[in-house]
Amino acid sequence: MFALRTVRLAARSAVPALRRGYAEAVPADRIRLTLSLPHQAVYKASDVVQVNVPATAGDMGILASHVPSVQQLKAGLVEVIEEGGSAKQFFVSGGFAVVQPGSQLSINAVEAHPIADFSAEAIRNALAEAQRVAGGNGSEADVAEAKIEVEVLEALQTYVK
């Protein structure tokens, strides 16, 4: 019995040393953003003012001290408003956004490209081809892929003029 009590006391005294600590605090009016792709980190723990995301439940604006949540993203525009008011826009094909306590936001996407990298004409041409294939001109797998492509290209077309 004495040995068990000694172990418990030792365990309790060791707990403070084992507690998880957090990285440096985020300024009260900022969000610490990490926007990750499989091949690169677009933002890596960068402090920003606001992030707007295309969640499947509806578009969301995320500010500092946002309630923690996990949101699935649909194809659409992620807008990052940085300090000084400048905004960067990225088109994502989908992914997840996780808001954690302490104004931490992680966005994980398979693809994200600056909206300025797209050409309206190239989108129209790709959309016409995808619609042709989705209309039944191809194998079952080709038609299924084309339907997804049509959905993504139609979403992209709304942001590129």
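Source: prediction; values computed, not measured.

A. View of the pattern of salt bridges. Counted according to the given criterion, the structure contains 5 salt bridges. Among the salt bridges present, the one from arginine 30 reaches aspartate 29, with a minimum N-O distance of 3.1 Å. Overall, the relative accessible area of 16% leaves arginine 30 in the buried class. The shortest N-O distance in the salt bridge between glutamate 82 and lysine 88 comes to 3.8 Å. You can call glutamate 82 buried: its relative accessible area is 18%. Salt bridges sharing partners connect three or more residues here, namely Asp29, Arg30 and Glu83.

B. Expanded view of the packing of aromatic side chains. Within the structure shown, the criterion is met by 3 aromatic pairs. Where tyrosine 43 meets phenylalanine 90, the ring centres are 6.2 Å apart and the plane angle is 85°; that geometry is what we call edge-to-face. Of this pair, tyrosine 43 sits in strand E2 (residues 40-48) while phenylalanine 90 sits in strand E7 (residues 87-92); the two residues are 47 residues apart in sequence, bridging distant segments of the chain. For phenylalanine 90, a relative accessible area of 8% corresponds to the buried category.

C. Just the environment of leucine 77, in detail. In this structure, leucine 77 sits in strand E6 (residues 76-81). The class for leucine 77 is buried, based on a relative accessible area of 16%. Note: C-alpha distance between leucine 77 and isoleucine 115 (38 residues apart in sequence) is 8.1 Å. Apart from the residues within four sequence positions on either side, leucine 77 is in contact with Asn52, Val53, Pro54, Gln89, Phe90, Phe91, Ile115 and Tyr159.

D. Quick look at the nonpolar core. In this structure, Leu33, Val51, Val53, Leu105 and Ile107 are the most contacted members of the largest nonpolar core, which totals 22 residues. At the level of elements, strand E1 (31-37), E2, strand E3 (50-55), strand E4 (58-62), E6, E7, strand E8 (95-100) and strand E9 (104-109) are the ones that each hand at least two residues to this core. Broken down by element, this core gets its largest block of residues, 4 residues, from E1. The residues contacting leucine 105, other than those within four sequence positions of it, are Ile31, Arg32, Leu33, Thr34, Val51, Ile62, Ala97, Val98 and Val99.

E. Structural view of the pairing of E7. Inspection of the sheet shows E6 paired to E7 by 6 bridges, in the antiparallel sense. If you follow glycine 76 over to E7, its bridge partner there is valine 92. Between E6 and E7, which pair antiparallel one after the other, the connecting turn spans 5 residues, and glycine 84 there sits at a positive phi close to 90°. The sheet contact formed by E7 and strand E10 (residues 112-114) spans 3 bridges and is antiparallel. Paired with phenylalanine 91 across the bridge in E10 is histidine 113.

F. Summary view of unusual backbone geometry. Notably, alanine 45 is not glycine yet its phi reads approximately 50°, a positive angle. Along the polypeptide, alanine 45 turns up in strand E2. The phi angle at serine 65 is positive, at roughly 65°, despite the residue not being glycine. Note on placement: serine 65 falls in the loop between E4 and strand E5 (69-73). With a relative accessible area of 61%, serine 65 lands in the exposed category.

How each quantity is defined
- Residues numbered from 1 in each chain as written.
- Predicted model: local features only at pLDDT ≥ 70, side-chain atom pairs only at ≥ 80, totals over all residues.
- Heavy atoms only, no water.
- Salt bridge = Lys/Arg side-chain N within 4 Å of Asp/Glu carboxyl O.
- Buried < 20%, exposed > 50% of the residue type's maximum accessible area, 1.4 Å probe, protein only.
- Phe/Tyr/Trp six-rings, centres within 6.5 Å; stacked < 30°, edge-to-face > 60°.
- Helix = DSSP H or I, 4+ residues; strand = E, 2+ residues; numbered from the N terminus.
- Contact = heavy atoms within 4.5 Å.
- Core = buried A, V, L, I, M, F, W, Y, C linked by side-chain atoms within 4.5 Å.
- Pairing = 2+ DSSP bridges.

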